[in-house]
Amino acid sequence: MPISAATSLANTPAAPRAPTTSTLATPTLGSAYGPLPGQEPAAENDSAVMNGIREALRSDRVDIFLQPIVSLPQRKHRFYEVFSRIRLEDGSYLTPDRYLGVAARHKLMAPIDNLLLFRCVQLLRETEKRHQNVGFFCNISAATLNDGTFMQEFVQFMGQHPNLVQKIIFELSQADLMQGDVFATGFLDGLRSLGFRFSMDQVDRFDVDWDQLAAHEIRFVKLDAARLLDPDGRFANPDKVTLLKRQLDRNNIDLIVEKIETDQQLLDLLDLFIDFGQGYLFGEPRMARRLPS
């Protein structure tokens, strides 16, 4: 296992001069994106996946990929979502759909998240001058937020670099945020006190107190395009989308529609006055490079 990401953060040297080449590179090994739209994830053996994760962590083979989030209708890049990819010894990748469940069952989420967060901060420091108005969504699990030692050191580190705080939006699932019908705020307080914002994804319930979410700096909510456009689903009546948008707008929460794959989907969504879009239509995840070793 590599040294603690938190310890590495505390010892990270000053950011190098921003590179002149792009931070994004098209990956050439394996399937780093996960299943393409319409594909099913590959079946995996728990033991094989677990061994692959542990070996990748020991050998520092956790790469980060970025996918743009654009404002609509302008399609201007406003944010990037940061994804982790487990690179196996043969150069192929384990994508989140293949390893997240295994990692959670074997309590490996915190080490993966810690390394992802460390790499995200490195990337921010490296690209600070070239992307001053771009933010980064970083997925994080409750297991990591409940890692008291790591979070204490991370909060202390970020307190010394307030210029980076507004550039990171932590993304958590609704299940992690709404534990047993109770909004779980304890593990957010240290980050929120520094000015961090949060995003909620994997939304299954809409009977939530949006005022309470906003009070705890939940500033973004993500929904799948297919869900919003399902003719037999909850939002088949456009008035339901309008009502949701009003609730969000009233609380200064932006709606991001993800997994937008076709121009027709985009045209249908534009009629709903969506704030931001994400998906293969606007760009695949690409590997971030030129990170310090």
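Treat the numbers as computed from the prediction; the structure is a model and nothing was measured.

Q: Tell me what's going on with the overall build of the protein chain, and back it up with residues and numbers.
A: For the protein chain, the helix and strand inventory stands at 12 helices and 13 strands. When the 293 residues of the protein chain are sorted by exposure, 50% land in the buried category. Once local pairs closer than 6 in sequence are excluded, the contacts in the protein chain between residues at least 24 apart make up 72%. Of the roughly 14,000 Å² of accessible surface on the protein chain, 48% is carried by carbon and sulfur atoms.

Q: Break down the pairing of strand β5 (residues 135–139) for me, with residues and values.
A: Where burial is concerned, most of β5 is hidden: 4 out of the 5 residues are buried. Where strand β3 (residues 76–87) and β5 come together, 4 bridges link them in parallel fashion. Note that in β5 the partner of Glu81 across the bridge is Phe137. Where β5 meets strand β6 (residues 168–173), 4 bridges bridge the pair, whose relative direction is parallel. When the sheet's bridge partners are listed, Asn139 is paired in β6 with Glu171.

Q: Lay out the side chain of Arg197 with the relevant residues and their values.
A: For Arg197, the location among the structural elements is in strand β9 (residues 197–201). For the buried Arg197, no salt bridge is present, and the opposite-charge side chain at shortest range is Glu217, 6.3 Å distant. At a separation of 2.8 Å, a polar atom in the side chain of Arg197 contacts the main-chain carbonyl oxygen of Gln166. When sequence neighbours within four positions are dropped, the list of residues in contact with Arg197 reads Gln166, Ile168, Ile169, Phe170, Glu217, Arg219 and Phe220.

Q: Provide a residue-level description of the packing of aromatic side chains, including the pertinent values.
A: For any pair of aromatic rings, geometry is given as the distance between the ring centres together with the angle between the planes. Within the structure shown, the criterion is met by 12 aromatic pairs. Residues Phe154 and Phe170 carry aromatic rings whose centres are separated by 6.1 Å and whose planes lie at 80 degrees to one another, so their mutual orientation is edge-to-face. Of this pair, Phe154 sits in helix α6 (residues 148–159) while Phe170 sits in strand β6, placing them 16 residues apart in sequence. Side by side, Phe154 and Phe170 carry an identical accessibility label, which is buried. The structure contains a cluster of three or more aromatic residues connected by ring pairs, namely Phe79, Phe137, Phe220 and Phe276. Positioned over the ring face of Phe65 is Arg85, at 5.6 Å from the centre of the ring. Over the aromatic face of Phe137 sits the side chain of Lys222, whose NZ or CZ is 5.4 Å from the ring centroid.

What counts and how
- For every chain, the first residue of the written sequence is number 1, and numbering continues from 1 onward in sequence order.
- The model is predicted, so local features are restricted to residues of pLDDT at least 70 and side-chain atom pairs to those at 80 or more, both for listing and for counting; the totals for chains, interfaces and linings are taken over all residues.
- Computation of side-chain values: all heavy atoms of the structure, hydrogens and water removed.
- Under the DSSP-based scheme used, a helix requires at least four consecutive residues in state H or I and a strand at least two consecutive residues in state E, with every element numbered from the N terminus.
- Throughout this description, buried means an accessible area under 20% of the type-specific maximum (1.4 Å probe, protein chains only), exposed means over 50%, and partly exposed covers the range between.
- When checking whether two residues touch, look at their non-hydrogen atoms; a contact exists if any pair is within 4.5 Å.
- The Shrake-Rupley method, run with a 1.4 Å probe, gives the accessible areas here. Residue values count only the displayed protein chains as cover.
- For two strands to be treated as a pair, DSSP must find at least two bridges joining them.
- We count Lys and Arg on the positive side and Asp and Glu on the negative side, and we leave His and both chain ends out.
- When a carboxyl oxygen of Asp or Glu is within 4 Å of a side-chain nitrogen of Lys or Arg, the pair counts as a salt bridge.
- Polar contacts here mean pairs of N or O atoms no more than 3.5 Å apart (in protein, one a potential hydrogen donor and the other a potential acceptor; neighbouring residues in sequence count only if both atoms are side-chain atoms).
- Here a pair means two rings of Phe, Tyr or Trp (six-membered ring of Trp) with centres within 6.5 Å. Their orientation is stacked below 30 degrees between planes, edge-to-face above 60, and tilted elsewhere.
- Note on criteria: charge over ring means Lys NZ or Arg CZ within 6 Å of the ring centre, with the direction from the centre no more than 35 degrees off the ring normal.

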